[in-house]
Amino acid sequence: MSLQPHTPRAKMESRELTLRYGTKTAINKVSLAILEHRVTALIGPSGCGKSTFLRSLNRMNDLIPGTNHTGHILLDDTDINDRSVDVVDLRRRVGMVFQKSNPFPKSIFENVAYGLRVGGMKDKAELAARVEKSLRGGALWDEVKDRLNESALGLSGGQQQRLCIARAMAVEPEVLLMDEPASALDPIATAKIEELIHELKAQYTIAIVTHNMQQAARVSDRTAFFYMGELVECGATEQIFTNPREKRTEDYVTGKFG
Amino acid sequence: MAATHTDKAFEQDLRDLREKLLAMGAKVENLIAQSMKALTERDSALAEKVVAADKDVNRLEVEIDELCRRILALRQPAASDLRLITTALKIVTDLERIGDLAVNIAERSMDLNQVPPLAPYVDTPRLAELAQQQVKRALDAFVSGDVTKAEEVLQGDDLLDALFLKIFNELLAYMMEDSKNIRRATALMFIAKHLERIGDHAMNVAEMVVYMVRGKDIRHPRSRNLTD
């Protein structure tokens, strides 16, 4: 083992990414690396472009009519907007967890198994094993193992959100995108999600959008501050919250905007 | 800083903190001056006032600590706000120690005022003036967030050390000359040492000001890990 701290490589990277909704520029020339096995937090006021940026990492913006972009987004060395890229395959590799937990109106088991079935997995034992592994990974297994066939809608908000994380993990993505994953949860459920994020980064690369700056400070290794569609500053989370380089970052993290 | 916090109550808390620190700084500056006056003018009543006034300084220390804890718990300050709070928590200890040292000087003065002076006080008031100036400058640097001024304090400490050494050697000579001088010379030596220590506390404050403004800790450069 080397004594030098391992410098992680960029798992995903945007280069001069500009994205417009019609004529409105949502992100302007953003170049940002999402480092492998690190948690990158995207912060900034509403409308700053952070969620748009997150969604562009697995081409969720494709679903919105009138969207166009310039610049590049790389996953490993592949441009994800290249014609040769299958968007379903991209979204399997780059999974997403949303602000509002959105379990399917199915059983707990079927929620997690869904993506696997869509991907062609049929073997029952294999499915069961993957569901268990994912639910354990989502720190939910012990709470639901005796009622896997009950409706997912009967779970608490915090449990539903962890179920959605487990569901995203079932297809073994490489990158997990999280858009405000804990904003609708109570502090205990939030702490469980944050603990889970810490554990997940050993296996995944994570990018998280949050309005809660203490949460960004707690869970992330790196923090990127967006303002009015621009990336103002990205650095080690500790640096951003103790000694930011840019005045606009300083004003935002100290609460001087608005 | 032009921008103010969106939360006005938070802005007020930070203003209160700065004001309390300034009030405490002004008090300890005054205690240094008064304790020296008690010595040079042989005014033991004034010395007693210095001893009594120290409780105001102590009270401010407790109040500032409480305010900092409240801000940390309720506001979760970040960036320059966080650096201001951590700086306040550190320098409050230095200011309180300066107050204690002024009290110690006043107490030694009361003893010395009972006996004839050993020699005219020339260098000791000069040292006191320098120490007081260093404290004032460090506090000014804190108020205005002025790194240049803080650096002046850091450079100014050599002068105090040199003057202390000079006083020390003179007092040593008095002691060697006549053992009857030892008691008074020792008391004066303590006073000079206290003044020199006040200068060191002013340096601590100045170092924290540099941290507060730049976010860079400049303390103990030689004790740092070489890989830093």
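As shown above, the structure is provided for reference.
Here the structure is a predicted model, which is why all the values come from computation and not from measurement.

Each value, and the rule that gives it
- Residues numbered from 1 in each chain as written.
- Chains lettered and ligands numbered in written order.
- Predicted model: local features only at pLDDT ≥ 70, side-chain atom pairs only at ≥ 80, totals over all residues.
- Heavy atoms only, no water.
- Salt bridge = Lys/Arg side-chain N within 4 Å of Asp/Glu carboxyl O.
- Helix = DSSP H or I, 4+ residues; strand = E, 2+ residues; numbered from the N terminus.
- Buried < 20%, exposed > 50% of the residue type's maximum accessible area, 1.4 Å probe, protein only.
- Expected span 1.5 Å × (residues − 1).
- Axes fitted to C-alpha atoms, helices over the stretch in contact; angles between N-to-C directions.
- Parallel < 35°, antiparallel > 145°, perpendicular 65-115°, else oblique.
- Left-handed = near helix turned anticlockwise from the far one by under 90°.
- Nonpolar A, V, L, I, M, F, W, Y, C, P; charged D, E, K, R; others polar.
- Pairing = 2+ DSSP bridges.
- Contact = heavy atoms within 4.5 Å.
- Buried area = accessible area lost by both parts, 1.4 Å probe.

Novice: Where do I start with the pattern of salt bridges in this structure?
Specialist: Side-chain pairing between opposite charges can occur once the charged atoms of the two side chains come close. Residues and elements named next belong to chain B. This model, assessed by the stated rule, comprises 35 salt bridges over all chains. The shortest N-O distance in the salt bridge between Arg97 and Asp100 comes to 3.4 Å. Placement of both Arg97 and Asp100 in helix α3 (residues 79-112) is noted, with a separation of 3 residues, approximately one turn of the helix. Look at Arg97 and you get partly exposed, because its relative accessible area is 37%.

Novice: Even after reading the chapter, I still don't get helix α6 (residues 157-170) of chain A, so can you show me in this structure?
Specialist: Helical geometry note: an α-helix holds 3.6 residues per turn, so side chains three or four residues apart project in the same direction. Residue and element names in this part refer to chain A. With 14 residues, α6 ought to run about 20 Å at 1.5 Å a step, and its terminal C-alpha atoms sit 20 Å apart, in line with that. With respect to burial, α6 is a largely interior element, 13 of its 14 residues being buried. Looking one or two residues past α6, Glu172 carries a phi angle of roughly 50 degrees, positive in sign.

Novice: What's the story with the packing of helix α1 (residues 8-40) of chain B against helix α2 (residues 44-75) of chain B in this structure? I'm lost.
Specialist: Two quantities define a packed helix pair, namely the angle between the helix axes and the distance between the axes. All names here are of chain B. Two elements in contact, α1 and α2, have axes whose closest approach is 9 Å; the angle formed by their N-to-C orientations is 160 degrees. For the element pair α1 / α2, the angle class is roughly antiparallel. Helix-helix and strand crossings are classified by hand; for α1 and α2 the assignment is left-handed. Taken together, the residues of the contact of α1 with α2 break down into 20 nonpolar, 2 polar and 11 charged.

Novice: Got a minute to help me understand the sheet that holds strand β10 (residues 230-236) of chain A in this structure?
Specialist: Two strands in a sheet stick together by hydrogen bonds in their backbones, pointing the same way (parallel) or opposite ways (antiparallel). All names here are of chain A. One open sheet holds the 6 strands; their spatial order is β6-β7-β8-β3-β9-β10, and the pairing between them is mixed. Whereas interior strands pair on both sides, the edge strands pair on one side only; in this sheet they are β6 (94-97) and β10. Here the strands of the sheet are splayed against their neighbours by 20 degrees on average, with no regard to which way each runs. Relative to strand β7 (residues 175-179), β6 runs parallel, the two sharing 4 bridges. Considered in β7, the bridge of Met96 is made with Leu177. Set on the sheet, α6 makes contact with β6 and β7; between it and β6 the angle comes to about 170 degrees.

Novice: In this structure, what is going on with the sheet that holds strand β5 (residues 78-79) of chain A? I would like to understand it.
Specialist: All names here are of chain A. Spatially, β2-β1-β4-β5 is the arrangement adopted by the 4 strands of the open sheet, whose pairing is antiparallel. Each edge of the sheet is formed by a strand with only one pairing partner; in this case those strands are β2 (24-35) and β5. Where strand β4 (residues 67-75) and β5 come together, 2 bridges link them in antiparallel fashion. Bridge pairing in β5 places Leu74 opposite Asp79.

Novice: What is the right way to read unusual backbone geometry from this model?
Specialist: Residue and element names in this part refer to chain A. We note that Arg59 has phi near 60 degrees; this positive angle belongs to a residue other than glycine. Along the polypeptide, Arg59 turns up in the loop between α1 (50-56) and β4. Although it is not a glycine, Met228 adopts a positive phi angle of roughly 50 degrees. By secondary structure assignment, the location of Met228 is in the loop between β9 (222-227) and β10.

Novice: Before we go on, may I ask you to explain the interface of chain A and chain B in this structure?
Specialist: Interface size is often expressed as the accessible area that is lost when the parts come together. Each partner contributes to the interface: chain A provides 14 residues, whereas chain B provides 15 residues. When chain A packs against chain B, close to 1,100 Å² is buried across both sides, 47% of that on carbon and sulfur atoms. Scanning the region where chain A abuts chain B turns up 0 salt bridges. For the side of chain A that touches chain B, the element with the highest residue contribution is helix α10 (residues 247-253) of chain A, accounting for 4 residues. Of the residues that constitute the side of chain A that touches chain B, the class distribution is 4 nonpolar, 6 polar and 4 charged.

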